[in-house]
Amino acid sequence: MYRFLLTPRWWGINVFVLLAIPFCIFMGSWQLGRFEDRVRDHRTAEATASTARTEPARPLAAMLPVTTETSGRQTTAKGRYGKQLLVPGRELDGRSGYYVLTLLRVDGGKALPVVRGWLPGTADPAKAPAAPTGEVTVTGALQASESPGSNGVSTAGGLPAGQTAAISAASLVNLVPYTPYDAWITLGKADSGMKAVPPAAPDNTGLDLKAFQNLGYTGEWFVFAGFVVFMWFRLLRREVEFARDAELGLLPEAPWAEDSAEAGEKVSGDTGTTPATPSATA
């Protein structure tokens with residue numbers, strides 16, 4: 001009864017099932033691992049944020065390059081403020097405004113972008129407080145360079161002179177006359193009546209939509225694996241029933257045979273009995 005499993009058709013079905021199930025399980029496990037990694041990074045970022053409030057600030061050189069472990073931690077740097085830029089389209093406490101970004105020139109000729117605070121409304125250089133003069137020491141939370149389109153960073157171009165959409169070395173290198181660090185800091189205490197900008201969590205470390213998409217994909221792949229198994233048993237059951245009915249002679253007549261029979265009856269009905277041909281008389 002099960003000899004049909006050795007036919008080429010069922011060989012193809014069986015090979016497909018044997019390949020599809022492990023593939024679906026592997027993809028589901030991989031997506032689940034991605035979700036677990038995001039949960040782990042989220043917990044690490046929360047732990048870093050809580051300890052960063054109490055631990056002493058470390059020198060900038062010891063904190064670079066920025067990683068998920070150093071992002072958000074307190075760092076300190078000494079130098080002189082230089083060029084100032086505005087970062088429009090930034091929200092704080094549900095209000096729209098802009099960051100006041102000033103480049104701190106440190107030893108070695110490089111510059112550290114420092115967000116000195118946030119102001120509400122449209123970006124206006126006249127309202128942005130001037131940076132302190134002389135040598136200063138700044139302390140703030142270390143942040144990784146921003147990427148346009150992530151964490152609310154605008155992708156708009158064509159901004160007026162003195163403004164930038166993203167705080168990153170790639171964006172600032174064309175706007176300032178010195179080499180910027182591939183990092184920036186936000187002051188814990190804002191200057192001159194501005195509001196301090198809280199540090200943001202590193203990219204891909206929060207339980208955001210992408211994290212729950214990974215969890216949703218996990219369920220989809222396991223459902224696909226179950227569907228493949230279900231369809232294989234369903235096909236097997238139908239084939240067994242077909243073979244059993246064939247052995248018992250219960251299979252219905254093939255449609256083509258019925259059509260042939262109906263066609264034959266129609267021909268007979270139309271022609272009837274062929275009349276006899278009159279015999280010729282001498």
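Conventions adopted
- Residues numbered from 1 in each chain as written.
- Predicted model: local features only at pLDDT ≥ 70, side-chain atom pairs only at ≥ 80, totals over all residues.
- Heavy atoms only, no water.
- Helix = DSSP H or I, 4+ residues; strand = E, 2+ residues; numbered from the N terminus.
- Areas by Shrake-Rupley, 256 points an atom, 1.4 Å probe, with all protein chains shown as cover.
- Phe/Tyr/Trp six-rings, centres within 6.5 Å; stacked < 30°, edge-to-face > 60°.
- Buried < 20%, exposed > 50% of the residue type's maximum accessible area, 1.4 Å probe, protein only.
- Lys NZ or Arg CZ within 6 Å of the ring centre and 35° of its normal.
- Salt bridge = Lys/Arg side-chain N within 4 Å of Asp/Glu carboxyl O.
- Pairing = 2+ DSSP bridges.
- pLDDT = per-residue confidence, 0-100.
- Contact = heavy atoms within 4.5 Å.

1. What to know about the overall build of the chain
Okay, so step 1: In terms of helices and strands, the chain carries 4 helices and 6 strands.
Okay, so step 2: Each helix and strand of the chain, ordered N terminal to C terminal, gives the series α-β-β-β-β-β-α-β-α-α.
Okay, so step 3: Accessible area for the chain stands at about 17500 Å²; split by element, carbon and sulfur atoms hold 59% of it.

2. Some points on the packing of aromatic side chains
Okay, so step 1: The full count for this structure, using the stated rule, is 4 aromatic pairs.
Okay, so step 2: Judged by centre distance (6.3 Å) and plane angle (85 degrees), the ring pair of Trp10 and Trp232 falls under edge-to-face. Here the residue Trp10 occupies a position in helix α1 (residues 8-52), and Trp232 occupies one in helix α3 (residues 209-248), the gap between them amounting to 222 residues.
Okay, so step 3: Among the residues examined, Trp10 registers a relative accessible area of 1% and is labelled buried.
Okay, so step 4: An aromatic cluster is built from Trp10, Trp232 and Phe233, whose rings are joined through pairwise contacts.
Okay, so step 5: If you follow Arg116 out to its NZ or CZ, it ends over the ring of Tyr81, 5.8 Å from the centre.

3. Topic: the pattern of salt bridges
Okay, so step 1: A full pass over the atoms with the stated rule returns 5 salt bridges.
Okay, so step 2: The closest approach of N and O atoms between Arg9 and Glu239, which form a salt bridge, is 3.4 Å. Here the residue Arg9 occupies a position in helix α1, and Glu239 occupies one in helix α3, the gap between them amounting to 230 residues.
Okay, so step 3: One salt bridge in this structure joins Arg90 and Glu146, with 2.7 Å as the shortest N-O distance. Highlighted residues: Arg90 in strand β2 (residues 74-92) and Glu146 in the loop between β5 (135-144) and α2 (169-172), separated in sequence by 56 residues.
Okay, so step 4: Looking at Glu146, the relative accessible area reads 15%, which means it is buried.

4. Concerning the pairing of strand β6 (residues 183-187)
Okay, so step 1: Summarising burial for β6: 5 of the 5 residues are buried, a large majority.
Okay, so step 2: Side chains Ala183, Ile185 and Leu187 project from β6 onto one buried face, and the interleaved Trp184 and Thr186 project onto a second face that is buried too.
Okay, so step 3: Note that strand β4 (residues 111-120) and β6 share 2 bridges and pair parallel. Note on β6: the bridge partner recorded for Val115 is Thr186.
Okay, so step 4: Two strands pair when backbone bridges link them, and β5 and β6 are joined in this way by 5 bridges, in the antiparallel orientation. Its bridge partner being in β6, Gly140 is matched across the sheet by Leu187.

5. A look at unusual backbone geometry
Okay, so step 1: Omega for the peptide link from Leu64 to Pro65 comes to -5 degrees, which places this bond in the cis form.
Okay, so step 2: Within the secondary structure, Pro65 is located in the loop between β1 (58-59) and β2.
Okay, so step 3: Despite not being glycine, Asp93 shows a phi value in the positive range, around 60 degrees.
Okay, so step 4: Locating Asp93 in the fold gives a position in the loop between β2 and β3 (95-105).

6. Structural notes on the confidence of the model for the chain
Okay, so step 1: Scored by pLDDT, the chain comes out at a mean of 79, with 77% of its residues at no less than 70.
Okay, so step 2: Confidence drops under a pLDDT of 50 for residues 253-268, and excluding neighbours within four residues, the segment shows 1 contact in the predicted structure.
Okay, so step 3: Below pLDDT 50 for its whole length, residues 271-282 participates in 0 contacts with residues either more than four positions away or in separate chains.

7. Some words on the environment of Gly82
Okay, so step 1: In this structure, Gly82 sits in strand β2.
Okay, so step 2: Using a relative accessible area of 32% as the deciding quantity, one classes Gly82 as partly exposed.
Okay, so step 3: Separated by 96 residues in the primary sequence, Gly82 and Tyr178 place their C-alpha atoms 9.7 Å from one another.
Okay, so step 4: Aside from chain neighbours lying at most four places away, what touches Gly82 is Thr102, Leu103 and Tyr178.

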